[in-house]
Amino acid sequence: MMLNRLRPALILFAVALTTLPARAFETAAAAAWVYDMTTGTVLMDKNADQPVPPASMSKLMTINMLFEALKDGRVTMDTTFAVSERAVQMTREGGSTMMLQREDRPSVKDLIRGIIVNSGNDASIVVAEGLAGTEEAFARQMTERARALGMTATNLVNSSGWPDPAHRMSMRDLGILGKRLIEEFPEYYPIFAETEYLYKGRSPDNRFNRNPLLGLGIGVDGLKTGHTIEAGYGLVASAKQGDRRIVFAFSGLPSDQARAEEGERIVNWAFRQFSEKTVAKAGERVAEAEVHLGDATTVGLVPAEDIRLLVPALAQDGLKAEVVYNGPLIAPVSKGDAVAEMIIFSPDLPDRRVALVAEADVGKAGFVKRLTSAAEVLYARYLGSPAS
């Protein structure tokens, strides 16, 4: 293994790992983000940080706020909300609806399905007003919460995704939100896979879930579609096959058929072009670090846990890795101390950074050895390396 000094106190090792680049995926979407949740790998990023009109996909943030209220006890599944004239007016203005009426008192259980399955604009307003008093106040709360969750391109002005020039989200933000709904609310997430819901027998034509990938046998179990004239057709979805789960978001397709076809293509590509591999096992030495003034001159560098990552399924080139640390390390060094980082480079995928820890304890050297080491450093610095 070759040792290179990049700059003072920074040491790098080159490590060879074998794998291949994936076939590039050309999506027809205007913006897209695909993320492997199992390994934390971004598989696709096309204009993923661009704020775009999210249409009904932004209802996922309304659902998130309602799930949080359930989790902290502010509401229960049996809590009922009043239906305002404003909510009923949304039904008259068109768009997807739960067909609520002023005299209705839908429960939280009803409203969750009314938003997820029916994509009800009226249901979204009822939730907003029930939790925050007004839709405007709720939209401000959603935006603040989104920023706290790392959704930096999100600005919401309503609860339903109704067209507004200031109502914007990015595909990365929608993917982050989808990931959160899956991980933080496992007790409620299965609702996203329900294929139909009918409130009091009303609007039977609107009872079906619009997600075109449910029931195709490819592991899709959520999350939300969206469509307006400005936004085009979009989808936030998740699929699980075996031990792997992906979440993805895209927008800007010209038709619902194009949306369905693109969603299925993305799922097939993500699972067929990549496989999960263990490239280094916990405790397996991948490099050594120099130690100064210790009872040993080097210490092994090992991962604390198995390093599993996605690798492209077809082999053409080699995956490369570098181990970097500030060195030499100064004794004492304790076993398990995080002292280095391995950076793994793969074609068509983002770099992966993994912490490495000391393989063993390295104590301080005795007085004589410390004195000798100090003398060697001074000699090399001022008189040049001693002849061998």
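Rules and cut-offs
- Residues numbered from 1 in each chain as written.
- Predicted model: local features only at pLDDT ≥ 70, side-chain atom pairs only at ≥ 80, totals over all residues.
- Heavy atoms only, no water.
- Helix = DSSP H or I, 4+ residues; strand = E, 2+ residues; numbered from the N terminus.
- Contact = heavy atoms within 4.5 Å.
- Areas by Shrake-Rupley, 256 points an atom, 1.4 Å probe, with all protein chains shown as cover.
- Pairing = 2+ DSSP bridges.
- Axes fitted to C-alpha atoms, helices over the stretch in contact; angles between N-to-C directions.
- Parallel < 35°, antiparallel > 145°, perpendicular 65-115°, else oblique.
- Nonpolar A, V, L, I, M, F, W, Y, C, P; charged D, E, K, R; others polar.
- 1 Å grid on protein atoms, 1.4 Å probe; cavity = no way out; pocket = protein on both sides within 12 Å on 5 of 7 lines; lining within 4 Å.
- Points joined across faces, edges and corners; volume = space filled by probe spheres on them.
- Left-handed = near helix turned anticlockwise from the far one by under 90°.
- Phe/Tyr/Trp six-rings, centres within 6.5 Å; stacked < 30°, edge-to-face > 60°.
- Buried < 20%, exposed > 50% of the residue type's maximum accessible area, 1.4 Å probe, protein only.
- Polar contact = N/O pair within 3.5 Å; in protein donor to acceptor, adjacent residues only side chain to side chain.
- pLDDT = per-residue confidence, 0-100.
- Salt bridge = Lys/Arg side-chain N within 4 Å of Asp/Glu carboxyl O.

Attention now moves to the overall build of the protein chain. A count of helices and strands for the protein chain gives eight helices and 15 strands. Restricting to contacts in the protein chain with at least 6 residues of sequence separation, those with at least 24 account for 64%. Looking at the protein chain as shown, the accessible area adds up to about 17,900 Å², and 51% of this sits on carbon and sulfur atoms.

In this section: the sheet that holds strand β5 (residues 220–228). Strand order in the open sheet made by the five strands is β4-β3-β7-β6-β5, with antiparallel pairing throughout. What marks the edges here is a single partner per strand, and that holds for β4 (41–46) and β5. Across this sheet, the average inter-strand angle for adjacent strands is 5 degrees, counted without regard to direction. Where strand β6 (residues 232–241) lies against strand β7 (residues 244–253), eight bridges are found, and the strand directions are antiparallel.

Further remarks concern the packing of helix α1 (residues 59–71) against helix α5 (residues 135–148). Where α1 meets α5, the axes come as close as 10 Å, and the angle between the chain directions of the two elements is 85 degrees. In terms of orientation, α1 and α5 fall into the roughly perpendicular class. In contact with Met61, Thr62, Asn64, Met65 and Glu68 of α1, α5 contributes Phe138, Gln141, Met142, Arg145 and Ala146. Split by residue class, the contact of α1 with α5 holds five nonpolar, three polar and two charged.

Put simply, the second largest pocket is a space of about 270 Å³. Taken together, 18 residues form the lining of the second largest pocket, with Ser56, Gly95, Ser96, His227 and Thr228 sitting closest to its centre. The biggest single contributor to the lining of the second largest pocket is β5, with five residues. Across the lining of the second largest pocket, the residue classes tally to three nonpolar, 11 polar and four charged.

Quick look at the packing of α1 against helix α3 (residues 108–116) now. Between α1 and α3, the least distance of the axes is 10 Å, while the angle of their chain directions is 160 degrees. Relative to α3, the element α1 is oriented roughly antiparallel. In terms of crossing hand, the pair formed by α1 and α3 is left-handed. Judged by residue contacts, Lys59, Thr62, Ile63, Leu66, Phe67 and Leu70 of α1 engage Val108, Ile112, Ile115 and Ile116 from α3. For the contact of α1 with α3, the per-class residue count stands at eight nonpolar, one polar and one charged.

The next point concerns the packing of aromatic side chains. Applying the stated criterion across every chain, the model contains eight aromatic pairs. A ring pair is formed by Phe248 and Phe250, whose centres lie 6.2 Å apart and whose planes are at 5 degrees; its orientation type is stacked. Three or more aromatic residues link up through ring pairs in this structure, and these residues are Phe67, Phe185, Tyr188, Tyr189 and Phe192.

Another aspect to go through is the environment of Asp45. Summarising the element assignment, Asp45 is placed in strand β4. Take Asp45: its relative accessible area is 43%, and that puts it in the partly exposed class. Considered as a pair, Asp45 and Trp33 are 12 residues apart in the sequence and their alpha carbons are 4.8 Å apart. When sequence neighbours within four positions are dropped, the list of residues in contact with Asp45 reads Ala32, Trp33 and Arg172. A polar contact of 3.3 Å, which involves the side chain of Asp45, links it to the backbone nitrogen of Ala48. Of note is the side chain of Asp45, whose polar atom sits 2.7 Å from the side chain of Arg172.

Moving on to the confidence of the model for the protein chain. Mean pLDDT over the protein chain stands at 87; residues scoring 70 or higher make up 86%. Counted against residues more than four places away or in other chains, residues 1–11, with its pLDDT under 50, gives 28 contacts. Confidence drops under a pLDDT of 50 for residues 15–23, and excluding neighbours within four residues, the segment shows 33 contacts in the predicted structure.

Another point: unusual backbone geometry. A cis amide bond links Gly222 to the next residue, Leu223, at an omega of 20 degrees. In this chain, Ala331 is followed by Pro332 through a cis amide linkage whose omega measures 5 degrees. Looking at where Pro332 falls in the secondary structure, it is placed in the loop between β13 (329–330) and β14 (338–346). Unlike most non-glycine residues, Ser119 shows phi in positive territory, near 55 degrees. Position of Ser119 relative to the elements: it lies in the loop between α3 and α4 (121–132).

Evaluation of the coordinates by the stated rule reveals 23 salt bridges. When the shortest N-O distance is used, the salt bridge between Glu85 and Arg102 registers 3.9 Å. Within this pair, whereas Glu85 is found in helix α2 (residues 85–92), its partner Arg102 is found in the loop between α2 and α3, the two being separated by 17 residues in sequence. For Glu85, a relative accessible area of 36% gives the class partly exposed.

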